[in-house]
Amino acid sequence: MTEYVTVSSDAPLSRNGAIHLYGRDAFDGMHRAGRLAAEILDAIVPLMVPGTETRVIDDTIREKMLAGGAVPATLGYRGYTHSSCISINHVVCHGIPSDRVLKDGDIVNVDVTPLLDGWHGDTSRMYLVGDVGLKARRLVEVTYECLMLGIEQAKPGNTMGDVAHVIQRHAEKHRYGVVRDFCGHGVGRLFHDAPEVVHVGRPGTGPELRPGMIFTIEPMINIGRPDVKLLDDGWTAVTRDRSLSAQFEHSIGITEDGCEIFTASPGGLHQPPYA
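Residues numbered from 1 in each chain as written. Predicted model: local features only at pLDDT ≥ 70, side-chain atom pairs only at ≥ 80, totals over all residues. Heavy atoms only, no water.

**Thoughts on the pattern of salt bridges**
Scanning the model with the defined rule gives 12 salt bridges in all. Measuring nitrogen to oxygen at the nearest pair gives 3.8 Å for the salt bridge that ties Glu208 to Arg210. Beyond isolated ion pairs, a larger network of salt bridges with shared partners links Arg24, Asp28 and Glu260. (Salt bridge = Lys/Arg side-chain N within 4 Å of Asp/Glu carboxyl O.)

**Remarks on the sheet that holds strand 15 (residues 228–230)**
Taken together, the three strands give an open sheet; going across it, the order is 5-16-15, and neighbouring strands pair in antiparallel fashion. With partners counted over all chains shown, the strands left at the sheet margins are strand 5 (91–93) and strand 15, one partner each. Going from strand to strand, the sheet's axes swing by 40° on average, the running direction of each strand aside. Sheet topology places strand 5 next to strand 16 (residues 237–239); two bridges connect them, and they run antiparallel. Residue Cys93 lies in a different strand from strand 16, and its bridge partner there is Ala237. (Pairing = 2+ DSSP bridges. Helix = DSSP H or I, 4+ residues; strand = E, 2+ residues; numbered from the N terminus. Axes fitted to C-alpha atoms, helices over the stretch in contact; angles between N-to-C directions.)

**So, the environment of Gly253**
Its location among the elements puts Gly253 in strand 18 (residues 250–254). Residues Gly253 and Gly212, 41 residues apart in the sequence, show an inter-C-alpha distance of 6.4 Å. Contact partners of Gly253, with chain neighbours within four places excluded, come to Phe27, Met213, Ile214, Gly258, Cys259, Glu260 and Phe262. (Contact = heavy atoms within 4.5 Å.)

**Points about helix 3 (residues 134–152)**
Over its 19 residues, helix 3 runs 27 Å from end to end, which matches the ideal 27 Å to within 8%, given 1.5 Å per residue. Of all the positions in helix 3, only Ala136, Leu139, Val140, Val142, Thr143, Tyr144, Cys146, Leu147, Gly150 and Ile151 are classed as buried. (Expected span 1.5 Å × (residues − 1). Buried < 20%, exposed > 50% of the residue type's maximum accessible area, 1.4 Å probe, protein only.)

See below:
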């Protein structure tokens, strides 16, 4: 049975399986952290061109987080040594920044989480590098549509199954695979918290959505099958059939009559192309 616990914004929290319900001050903190995260994703648009090394993007992200008064939540998390995840083409998630150079036609997901005043602003966005093919562009478009359809279902009285179902139905309508191995999650004071936010499911199932819940929705959609595998580095997840994969992510909070998106782009750069 799902347990819900109302918490104050400064209460020490632990991962105990309960869903935390936050108040208005917590939502304000998440808006500040989420805005910084979104501003950073806006700011790296000029770097998403052929010839840029992904480590340069990661360095820029870290500098902007520090300049904004935050620290990268991923830096040192379970031994991870970078300030972002940068996933290219058939990399589903958790791609590690390196000296790899972006190439014409790449599609790229950049995932950032600044920790600002105790709040985690978790978000990711897709970028198109140079001249991207029609099939890849369409995958990116549909993945963004999946995210926003899921957010439309994020309101009191609905369930996580309602969110998952619309994402799965829209992706599979286009004959895409919805990744099962990774999911969204509760967020706030804790980087990863209850509940798990899966992206496949049946309406009316799973935890009920209640005001005060804060979590991410982050569908990972593959052109091919949904199956993934983890590389030997212990982080990078790729499609088993090497088909292209795309992902968008927002952090949101459930209100009395709907939800608030904490990580929307202040510059209106919600989905590519951003020029």
